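What the coordinates show
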Amino acid sequence: MKKLRVGQIGTLHDHSQGKLACAAKFPDIFEIVGVVPDSDEKIAEARARGYENFTYLTREQLQKTKPFCDYPLMTEEQLFNSGCDLVLVEGFEYDLVPTAMRCIENGIPVHMDKPAGRDLSEFERLIEAARRRSLPLQLAYMYRYNPAVIDCVRRISRGELGDIINVAAVMNIEYDVTKRNWLNQFDAGMMFFLGCHMVDLVHLVYGVPERITPFLKVCPDGGNTSRDSTSAVFEYPSGIAFVQSNGNEVGGFQRRQLVVSGTRGTYEIRPLEWQPRALLSTPVNHTVPLEFPSIGSSRYDAMLLDFAAMVRGETENRFSLDYELDTQKMVLAACGLI
């Protein structure tokens, strides 16, 4: 089986280091040809926004930091001329879509981190370009590949939960005040940064709603000024879905959860990571605990392997371009941007 030549553009996304490391775990599938680092000007802009972490590394620092130091650093032009089969787009969130568009225009399939920017028309043009060229475009919503989420969706499709009447999706974490103020760079703070994951899951299990109402609040604890306490209500003919993303909750990571209630049963996943567990409640069996294989550091594995199969033409993307566009519209509405 021919290896897929893969390059990565950008290192400013929080998932940039983990994504490249994930591809490197599969040397029989991926051959990493190089990394296009963000310019020093971009790094300076990012640092000026008030938060430094491993993703804000200069070219010199990248050459000393794994996994980046294991691969050549190059320009976009060099990457596009390298014969690469796919690109991982892992730059700053507002730069993702234009970067992906340049890849698509060069005829290269794209795995793009999320969310898909703040300009809907820009993302619509990317969708149409990928459609016109028949090129795979994968959005990096990793929870779609979570084994508990997959089991829940299968049970919904088989009618085991009946008609869905309520969904609650929570994506919380406990950040220090420096990182919470860093969220000011996003118009909707936590809802844009992490809440998008839960919006995607609401779409997956409940579909497109009739109306979305955002609630974007500021928790001033410690001197924070960002919208770090965010929620949104999604209205459907049969009920509502509630999404919460809070950056200042003690033990918030462990409370990341998805609860899907139907007329015949309720499916609760908590925690979503790293060892997903679920409770299935039905009138017949009452409550049955379900356990799934540990995800651990493999949170991207299934997603990237699925993308490799798409690029090879072995499978179709189970998440259509129209689905991705609807998801982005829901994200922007939950952020109060459309």
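Above this text sits the structure in question.
Residues numbered from 1 in each chain as written. Predicted model: local features only at pLDDT ≥ 70, side-chain atom pairs only at ≥ 80, totals over all residues. Heavy atoms only, no water.

Within the protein, the secondary structure is distributed over eleven helices and 13 strands. At 20 Å, the protein has a C-alpha radius of gyration in line with the 20 Å of a compact globule built from 338 residues. Principal axes of the C-alpha set define a box for the protein whose edges measure 60 × 50 × 35 Å. Considering the protein as a whole, with its 338 residues, one finds that 57% of them fall into the buried category. Taking the 36 positively charged and 44 negatively charged side chains of the protein as two groups, their mean positions are separated by 2 Å. (Helix = DSSP H or I, 4+ residues; strand = E, 2+ residues; numbered from the N terminus. Rg over C-alpha atoms; globule rule 2.2 N^0.38 Å. Buried < 20%, exposed > 50% of the residue type's maximum accessible area, 1.4 Å probe, protein only. Lys, Arg positive; Asp, Glu negative; His and termini not counted. Charge placed at Lys NZ, Arg CZ, Asp CG, Glu CD.)

The eight strands lie next to each other as E7-E8-E9-E6-E10-E11-E12-E13, forming an open sheet whose pairing is mixed. At either end of the open sheet lies a strand with only one pairing partner, and these are strand E7 (211-217) and strand E13 (286-291). Taken over all neighbouring pairs, the strand axes of this sheet differ in orientation by 10 degrees on average, direction set aside. The pairing of E7 with strand E8 (residues 229-236) spans seven bridges and is classified as antiparallel. Counted as the bridge partner of Thr-213 is Val-233 from E8. (Pairing = 2+ DSSP bridges. Axes fitted to C-alpha atoms, helices over the stretch in contact; angles between N-to-C directions.)

Overall, the coordinates contain 25 salt bridges when judged by the stated rule. The residue Lys-42 makes a salt bridge to Asp-95 at a minimum N-O spacing of 2.8 Å. You can see Lys-42 sitting in helix H2 (residues 40-48) and its partner Asp-95 sitting in the loop between strand E3 (86-89) and helix H5 (96-105), a full 53 residues away along the chain. On the basis of relative accessible area, Lys-42 is assigned to the partly exposed category, the value being 28%. Exposure remark for Asp-95: the relative accessible area of 21% places this residue in the partly exposed category. Across the salt bridge formed by Asp-70 and Lys-66, the nearest N and O atoms sit 2.9 Å from each other. (Salt bridge = Lys/Arg side-chain N within 4 Å of Asp/Glu carboxyl O.)

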